[in-house]
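Residue strings, one per chain:
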Amino acid sequence: MNLNELTIKEARQKLDQGEISSLNLTKACLTRIKEINPQINAVLTLCEDLAIKQAKNADIRIKAGEKGDLLGIPYLCKDVIMTKGVRTTAASKILEDYIAPYDATVIKKLKEAGAVLLGKTNLDEFAHGASTENSAYGPTRNPLDTSRVPGGSSGGSASAVAANMCIFALGSDTGGSIRQPASFCGLVGLKPSYGRVSRFGLISMTASTDTIGAITKTVYDAGLVLSVIAGHDPLDATSTPDKISDYKQGTEKTVDLSGLKIGLPKEYFLKELNPEIKNSILILAKRLEDAGAEIKQVNLPYTKYGIPVYYIITPSELSSNLARFDGIGWGLSREGIEDLQEFYKTNRGEGFGAETKRRIMLGTYALSAGYYDAYYKKAQAVRTLIIEDFKNAFNQVDLLLTPTTPHPAFKIGEKSNDPLAMYLEDIFVTGASLSGLPAISIPAGEATTPDDEKKKMPIGAQLIAPRLEEERLLNIAKFLED
């Protein structure tokens, strides 16, 4: 096994035992990035000098006897998270040359833990998409089949982990953007509860649902990363002060499923669902039942409104968040334009891509006088009903088990000209986001792709837990993974 193929747990053991150095581990990842990135376009900015420096410092700390779960572990970061002194583009032309002046809180925590930043990964521009085809710097390809998408918007991070370009990667999840690409690439994708991980330094898309999480090779690794990045942050007003658990310990506990109730939401098992995916989820449910859990069908009746609610609230919030990119304080700034309105139009017209413009227009319309009550206010009211749906379900069961996506990865270009079809990719993942709940996608085998009956690609199973119940979520996910 090459060093870059290790999990965090495996790498940690070898580093602590002196079998490898962080420098050698980092160099193996850098070599892999240079080798494979031209084919899959997962990494936008490579921080080779910084990574070598951080790896050498990590080796000094290890030799001095310091212990740490992520000390000396190389990772990649979605290019929508601020990294001081490193180009941070949000995959947009409007931020093409932007150098972040400070670190996001999660990056600060990873630096203190001794993790090694290799670079920044590609995404749908400003995280607007479900395929990583909306990047100003070209689409990312799925390393398991380069004719297919890796999912989105954290597709660069998922593709990089699947291609063994890093040991783990950070992503952001607003409406499934960690879980869906993890499913498409056969990985573990963890979305923490809203407020569990600080959003400070995350270029905001939808402030009321944005979360930062990890894409990893195992559930245990996801727990390790969460243990480091979670916690209250006074710089983030939405950060929860609730005490965090030892998530690593949560994945190591012996699981006793007797008395545990697992819900299968009827609304997630649509007739359009790939039958192989449905069967895989039911097999997992049977394994839980055989181990002592009670499997129960539950109803989430407002699930059908999840996509329309999400695609009113999200464009509304992002149209406000992106208003700052006008060429004066932030972003692309063209010279020689004397008229202020023309200056704004030119900078934003050239700087933003088609999908970002589409969402800005939708959001601005939904927030405009005369339409606010009809669209945005009503969407927030229905969002409350969706939240109540989950509360009612968790009065009956401890966890929910669902598919992550309705089908495996699709072909590049297959849906890029059909925005509505692309929006429907989020059908099983928006509910947890709108409700601020923790959710994880774990590998659940393979299924036949709709376009080729001879082709199979990875699929994911999603577990959803009550708010701030990440330890339970990881515990059961680890059981299913084993």
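Residues numbered from 1 in each chain as written. Predicted model: local features only at pLDDT ≥ 70, side-chain atom pairs only at ≥ 80, totals over all residues. Heavy atoms only, no water.

A look at the overall build of the chain
Consideration 1: Regarding its fold elements, the chain presents 16 helices and 11 strands.
Consideration 2: Whereas a compact globule of 482 residues would reach a radius of gyration of roughly 23 Å, the chain reaches 21 Å, a difference of no more than 12%.
Consideration 3: Out of the 482 residues belonging to the chain, those deemed buried represent 61%.
Consideration 4: Summarising the internal contacts of the chain: among those between residues at least 6 apart in sequence, 76% fall at separations of at least 24.
Consideration 5: With an accessible surface of roughly 18,600 Å², the chain has 50% of that area assigned to carbon and sulfur atoms.
Consideration 6: Of the charged side chains in the chain, 56 are positive and 59 negative, and the gap between their average positions amounts to 1 Å. (Helix = DSSP H or I, 4+ residues; strand = E, 2+ residues; numbered from the N terminus. Rg over C-alpha atoms; globule rule 2.2 N^0.38 Å. Buried < 20%, exposed > 50% of the residue type's maximum accessible area, 1.4 Å probe, protein only. Contact = heavy atoms within 4.5 Å. Areas by Shrake-Rupley, 256 points an atom, 1.4 Å probe, with all protein chains shown as cover. Lys, Arg positive; Asp, Glu negative; His and termini not counted. Charge placed at Lys NZ, Arg CZ, Asp CG, Glu CD.)

Things to note about the environment of Leu 400
Consideration 1: By the secondary structure assignment, Leu 400 is in strand β9 (residues 399-403).
Consideration 2: A relative accessible area of 0% means that Leu 400 is categorised as buried.
Consideration 3: For Leu 400 and Arg 348, which are 52 residues apart along the polypeptide, the C-alpha to C-alpha distance reads 42 Å.
Consideration 4: Leu 400 has contacts with Gly 263, Pro 265, Val 298, Leu 300, Phe 390, Ala 393, Phe 394, Gln 462, Leu 463 and Ile 464, leaving out every residue within four places of it along the chain.

Let's talk about unusual backbone geometry
Consideration 1: Ser 153 follows Gly 152 through a cis peptide bond whose omega is 5°.
Consideration 2: Structurally, Ser 153 is set in the loop between β3 (116-121) and α5 (155-162).
Consideration 3: One non-glycine residue, Asn 41, lies in positive phi territory at about 55°.
Consideration 4: Within the element layout of this structure, Asn 41 appears in the loop between α2 (22-40) and β1 (43-46).
Consideration 5: Notably, Phe 126 is not glycine yet its phi reads approximately 55°, a positive angle.
Consideration 6: You can see Phe 126 is positioned in the loop between β3 and α5.

Some remarks on the packing of aromatic side chains
Consideration 1: Summed over all chains, the structure comprises 14 aromatic pairs.
Consideration 2: Relative to Phe 168, the ring of Tyr 75 has its centre 5.2 Å away and its plane inclined at 10°; by these criteria the two rings are stacked. Of this pair, Tyr 75 sits in strand β2 (residues 74-78) while Phe 168 is found in strand β4 (residues 168-173), placing the two residues 93 residues apart along the sequence. Across the pair, Phe 168 and Tyr 75 agree in class, each one buried.
Consideration 3: Ring centres of Phe 184 and Phe 410 lie 6.0 Å apart, and the angle between their planes is 90°; on these two criteria the pair is classed as edge-to-face. Highlighted residues: Phe 184 in helix α6 (residues 179-185) and Phe 410 in the loop between β9 and α14 (419-423), separated in sequence by 226 residues. (Phe/Tyr/Trp six-rings, centres within 6.5 Å; stacked < 30°, edge-to-face > 60°.)

Topic: the packing of α2 against helix α3 (residues 48-63)
Consideration 1: Following both chains from N to C, one finds α2 and α3 inclined at 160°, their axes separated by 8 Å at the closest point. The angle between the axes of α2 and α3 places the two elements in the roughly antiparallel class. Pair α2 / α3 crosses with right-handed handedness. Contacts between α2 and α3 involve Ser 22, Leu 23, Thr 26, Lys 27, Leu 30 and Lys 34 from the former and Glu 48, Ala 51, Ile 52, Ala 55, Lys 56, Ala 58 and Asp 59 from the latter.
Consideration 2: Residue composition of the contact of α2 with α3, by class: six nonpolar, two polar and five charged. (Axes fitted to C-alpha atoms, helices over the stretch in contact; angles between N-to-C directions. Parallel < 35°, antiparallel > 145°, perpendicular 65-115°, else oblique. Left-handed = near helix turned anticlockwise from the far one by under 90°. Nonpolar A, V, L, I, M, F, W, Y, C, P; charged D, E, K, R; others polar.)

Points about the domain arrangement of the chain
Consideration 1: According to the domain assignment, the chain contains domain 1 (1-299 + 383-482) and domain 2 (308-373).
Consideration 2: Summarising the inter-unit geometry, the C-alpha centres of domain 1 and domain 2 are found 28 Å apart.
Consideration 3: Summing both partners gives a buried area of about 2,100 Å² for domain 1 against domain 2, and 64% of it is carried by carbon and sulfur.
Consideration 4: Put simply, domain 1 and domain 2 have zero salt bridges between them.
Consideration 5: On the surface where domain 1 and domain 2 come into contact, there are 14 residue pairs in polar contact (both at pLDDT 80 or more).
Consideration 6: Residue assignment for the side of domain 1 that touches domain 2 shows that the elements contributing at least two residues are α13 (373-394), α14 and α15 (430-434).
Consideration 7: Looking at the side of domain 1 that touches domain 2, its residues break down into 10 nonpolar, 10 polar and four charged. (Domains from an automatic or database assignment. Buried area = accessible area lost by both parts, 1.4 Å probe. Salt bridge = Lys/Arg side-chain N within 4 Å of Asp/Glu carboxyl O. Polar contact = N/O pair within 3.5 Å; in protein donor to acceptor, adjacent residues only side chain to side chain.)

Some details on the side chain of Arg 199
Consideration 1: Within the secondary structure layout, Arg 199 lies in the loop between β5 (188-191) and β6 (211-216).
Consideration 2: A polar contact is formed between the side chain of Arg 199 and the side chain of Thr 238, at a distance of 3.3 Å.
Consideration 3: With residues up to four places along the chain from it excluded, the contact list for Arg 199 reads Tyr 194, Ser 204, Ala 207, Asp 210, Asp 236 and Thr 238.

Let's talk about the environment of Gly 349
Consideration 1: Mapped onto the elements of the fold, Gly 349 is located in helix α11 (residues 340-351).
Consideration 2: Sequence spacing of Gly 349 and Leu 300 is 49 residues, and the spatial spacing of their C-alpha atoms is 41 Å.
Consideration 3: Excluding anything up to four places from it in sequence, Gly 349 contacts Tyr 344 and Lys 357.

As for the sheet that holds β6
Consideration 1: Taken in spatial order, the 11 strands of this open sheet run β1-β3-β2-β4-β6-β5-β10-β11-β9-β7-β8, and their pairing is mixed. Every other strand in the sheet has two partners, leaving β1 and β8 (294-298) as the edge strands with one partner each. On average, each strand axis in the sheet is inclined to that of its neighbour by 30°, with strand direction left out of account.
Consideration 2: Relative to strand β10 (residues 439-449), β5 is paired through three bridges, and the arrangement is antiparallel. If you follow Lys 191 over to β10, its bridge partner there is Ala 439.
Consideration 3: Lying over the sheet, α5 contacts β2, β3, β4 and β6, oriented at roughly 155° with respect to β4. (Pairing = 2+ DSSP bridges.)

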